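Listed below, chain by chain, are the residues.
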Amino acid sequence: MKVNIGKKILLANEEYALKNKQLLAEKKKLCLNMISSPGSGKTSILYRTICDLKDKIKIGVIEGDIQTDIDAERIRATKAPAIQVNTDGACHLSAAQVNKALENLPINELDLVFIENVGNLVCPSDFELGENAKVVVLSVAEGDDKPVKYPSIFAKSEVLLINKIDFLSAGAQVNFDIERVKIDARKLNKDIKIFPISATTGEGMTDWYDWLIESINNSQGN
Amino acid sequence: MHETMVAQSLLEMISAEAAKRNARPIGAKISCGMLNPVNDEILSFAFGAIAKSTVCEDLKLEIEHKPMNGQCKNCDSTFELELSHLVCPKCDGKDFELLPNEPLTLEEIEFQTE
Ligand SMILES: Nc1nc2c(ncn2[C@@H]2O[C@H](COP(=O)(O)OP(=O)(O)OP(=O)(O)O)[C@@H](O)[C@H]2O)c(=O)[nH]1
Ligand SMILES: [Mg+2]
Ligand SMILES: [Zn+2]
Ligand SMILES: [Zn+2]
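These numbers come from a predicted model, not from an experiment.

Peer 1: If you had to explain the overall build of chain B to someone new, which residues and values would you point to?
Peer 2: Each helix and strand in chain B was counted, giving two helices and six strands. Its helices and strands taken in sequence order, chain B reads α-β-α-β-β-β-β-β from the N to the C terminus. Computed over its C-alpha atoms, the radius of gyration of chain B comes to 18 Å, more than 25% above the 13 Å expected for a compact globule of 114 residues. Projected onto its principal axes, the C-alpha positions of chain B cover 55 × 25 × 15 Å. Within chain B, the proportion of its 114 residues that are buried is 41%. Considering only contacts in chain B between residues 6 or more positions apart, those separated by 24 or more positions represent 70%. For chain B, the accessible area works out to roughly 6,300 Å², and carbon and sulfur atoms hold 48% of it. Computing the positive centroid from 10 side-chain charges and the negative centroid from 20, chain B places the two 2 Å apart.

Peer 1: Account for the site of ligand 1, with residues named and values stated.
Peer 2: All names here are of chain A. Lining the immediate environment of ligand 1, one finds 18 residues, of which Lys 42, Thr 43, Ser 44, Asp 166 and Ala 199 sit closest. One of the side-chain nitrogen or oxygen atoms of Arg 74 is found 2.9 Å away from an oxygen atom of ligand 1. Separating a nitrogen atom of ligand 1 from a side-chain N or O atom of Thr 200 is a distance of 2.9 Å. Contact with the protein chains removes 71% of the 650 Å² of surface that ligand 1 exposes when unbound.

Peer 1: Describe the packing of aromatic side chains, with residues and values.
Peer 2: In total, this model carries three aromatic pairs over all chains according to the counting rule given. Between the aromatic rings of A:Phe114 and A:Trp208, the centroid separation amounts to 6.1 Å while the plane-to-plane angle is 40°, which identifies the pairing as tilted. Here A:Trp208 lies in helix 9 (residues 205-219) and A:Phe114 lies in strand 5 (residues 112-116), a separation of 94 residues in the sequence. On the basis of relative accessibility, which here comes to 0%, the residue A:Trp208 falls in the buried class. Consider the rings of B:Phe79 and B:Phe96, whose centres lie 6.1 Å apart with planes at 75°: the pair is edge-to-face. One end of the pair, B:Phe79, is in strand 4 (residues 78-80); the other, B:Phe96, is in strand 5 (residues 96-98), with 17 residues separating them in the sequence. Taken individually, B:Phe79 and B:Phe96 each receive the classification buried, so the pair is uniform in this respect. An aromatic cluster is present here, built from A:Phe114, A:Trp208 and A:Trp211 joined pairwise through their rings.

Peer 1: Run through the pairing of strand 3 (residues 59-65) of chain A, naming residues and quoting values.
Peer 2: Residue and element names in this part refer to chain A. Counting buried residues in strand 3 gives seven out of seven residues, a clear majority hidden from the surface. Burial of the side chains of strand 3 extends over both faces: Ile 59, Val 61, Glu 63 and Asp 65 are buried on one face and Gly 60, Ile 62 and Gly 64 on the other. Pairing geometry for strand 3 and strand 5, over five bridges, is parallel. What sits directly across from Val 61, in strand 5, is Phe 114.

Peer 1: How would you sum up the coordination of the zinc ion (ligand 4)? Please name residues and give values.
Peer 2: Residues and elements named next belong to chain B. Looking at the zinc ion (ligand 4), one finds its protein donor set to be Cys 72 (SG), Cys 75 (SG), Cys 88 (SG) and Cys 91 (SG), positioned 2.3 to 2.4 Å from the metal centre. We note that the donor set of the zinc ion (ligand 4) lies within a single chain, spaced as C-x2-C-x12-C-x2-C. What makes Cys 91 partly exposed here is its relative accessible area of 28%.

Peer 1: Which residues make up unusual backbone geometry, and what are the values?
Peer 2: Residues and elements named next belong to chain B. You will see that Ser 53, though not glycine, has its phi angle at about 55°, which is positive. Within the secondary structure layout, Ser 53 lies in the loop between helix 2 (40-51) and strand 2 (60-65). Residue Asp 92 is not a glycine yet carries a positive backbone phi of 65°. Counting through the fold element by element, Asp 92 comes out in the loop between strand 4 and strand 5.

Peer 1: Please provide a residue-by-residue account of the coordination of the zinc ion (ligand 3), values included.
Peer 2: The coordination sphere of the zinc ion (ligand 3), as far as protein atoms go, consists of A:Cys91 (SG), A:Cys123 (SG) and B:His2 (ND1), spread over 2.1 to 2.4 Å. Here A:Cys123, found in the loop between strand 5 and strand 6 (133-139), pairs with B:His2, found in the segment before helix 1 (3-21), and the two come from separate chains.

Peer 1: I'd like a rundown of the sheet that holds strand 6 (residues 105-111) of chain B, residues and numbers included.
Peer 2: Across the sheet, which stays open at both edges, the four strands sit in the order 1(A)-6(B)-1(B)-2(B) with mixed pairing between neighbours. Strands at the two margins of the open sheet, each flanked by one partner only, are strand 1 (2-8) of chain A together with strand 2 of chain B. Strand-to-strand twist of the sheet, defined as the mean angle between neighbouring strand axes without regard to direction, takes the value 20°. Here strand 1 (residues 25-32) of chain B runs beside strand 6 of chain B; their pairing, made up of six bridges, is antiparallel. Following the sheet pairing, B:Pro25 is matched in strand 6 of chain B by B:Phe111. Taken strand by strand, helix 1 of chain B contacts strand 1 of chain A together with strand 1, strand 2 and strand 6 of chain B, and its axis lies near 45° from that of strand 6 of chain B.

Conventions and cut-offs
Residues numbered from 1 in each chain as written. Chains lettered and ligands numbered in written order. Predicted model: local features only at pLDDT ≥ 70, side-chain atom pairs only at ≥ 80, totals over all residues. Heavy atoms only, no water. Helix = DSSP H or I, 4+ residues; strand = E, 2+ residues; numbered from the N terminus. Rg over C-alpha atoms; globule rule 2.2 N^0.38 Å. Buried < 20%, exposed > 50% of the residue type's maximum accessible area, 1.4 Å probe, protein only. Contact = heavy atoms within 4.5 Å. Areas by Shrake-Rupley, 256 points an atom, 1.4 Å probe, with all protein chains shown as cover. Lys, Arg positive; Asp, Glu negative; His and termini not counted. Charge placed at Lys NZ, Arg CZ, Asp CG, Glu CD. Near = heavy atom within 4 Å. Polar contact = N/O pair within 3.5 Å; in protein donor to acceptor, adjacent residues only side chain to side chain. Phe/Tyr/Trp six-rings, centres within 6.5 Å; stacked < 30°, edge-to-face > 60°. Pairing = 2+ DSSP bridges. Donors = N, O, S within 2.8 Å, 3.2 Å for Na, K, Ca; no water. Axes fitted to C-alpha atoms, helices over the stretch in contact; angles between N-to-C directions.

This is a description of form; function is not addressed.
Right, dumping it as structure tokens:
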């Protein structure tokens, strides 16, 4: 006897994601889920963003890593609150983990919550955390074929940060065609915002900051 | 992907449905979209391993991979997207809307009939 079920398999995660979304909406906080492969520069981008915008907006961070609290410590050096979540081997953050971390952030004092997901270009894209948008980071050292090879995260993200562009202007031997990345990313996601940046030199960061501030204003209803 | 986690979640869902009906599940059909694919072999292997000596032991998993669909902005037709060739088959248009991805779903369970 065959019985129709029609239930989502990752339902438990989605229920938590919905809780997070409701909490964030109620408090009118913007929440961004940052995803990339290991070492693309997520923490460096957050560090620089927090420092450069510290007179304008208050940022809190949830740091997801398989192990260690190195990244949370790096963020705390800016004086911004950071909660480290260790996934103990899991390849992505779950909405339940984010739910608990949100309780430990001084959320009422913040304008923006960044979630730095576990370094992984594949798995985190399947797990909604309750964020308003995903931000994917691709560094030029990883190659310009990544949107084609890992379509899911590029299709689901609202923003693409192309990081480490200082390597290109420094004339290092990297074959990375920014135009190719833009074209490929937009094939699956025509509205994706693309900002080429360098977290090290600060090049290109202004457009990213403008987008952040505009998005915060939208979520606060101004 | 994290097939072991999916297997665990599936085992819990199927076991709960079986308990509700007081019946033995012998097969299950699941589906996934192109943006969240699962590997059939790894999932079946992981499921088989954790289902040992549970009500789901020897259950046969069938996994359907659903295509991703797009809707052409030029001629309005809906078509299956091929990642390596993203154009409308009717008009060769390249401007299309990505239709929602199919989430990982437990579609159907087959129970043993006494
Ligand atoms: N040249 C250059 N190096 C950068 C830039 N951004 C980050 N890096 C370097 O890249 C390395 C990795 O940066 P992280 O910020 O730790 O990267 P991450 O994505 O947070 O890494 P995980 O959390 O381990 O996944 C560090 O050595 C950074 O100094 C950049 O824009 N230019
Ligand atoms: Mg980091
Ligand atoms: Zn995984
Ligand atoms: Zn067409």
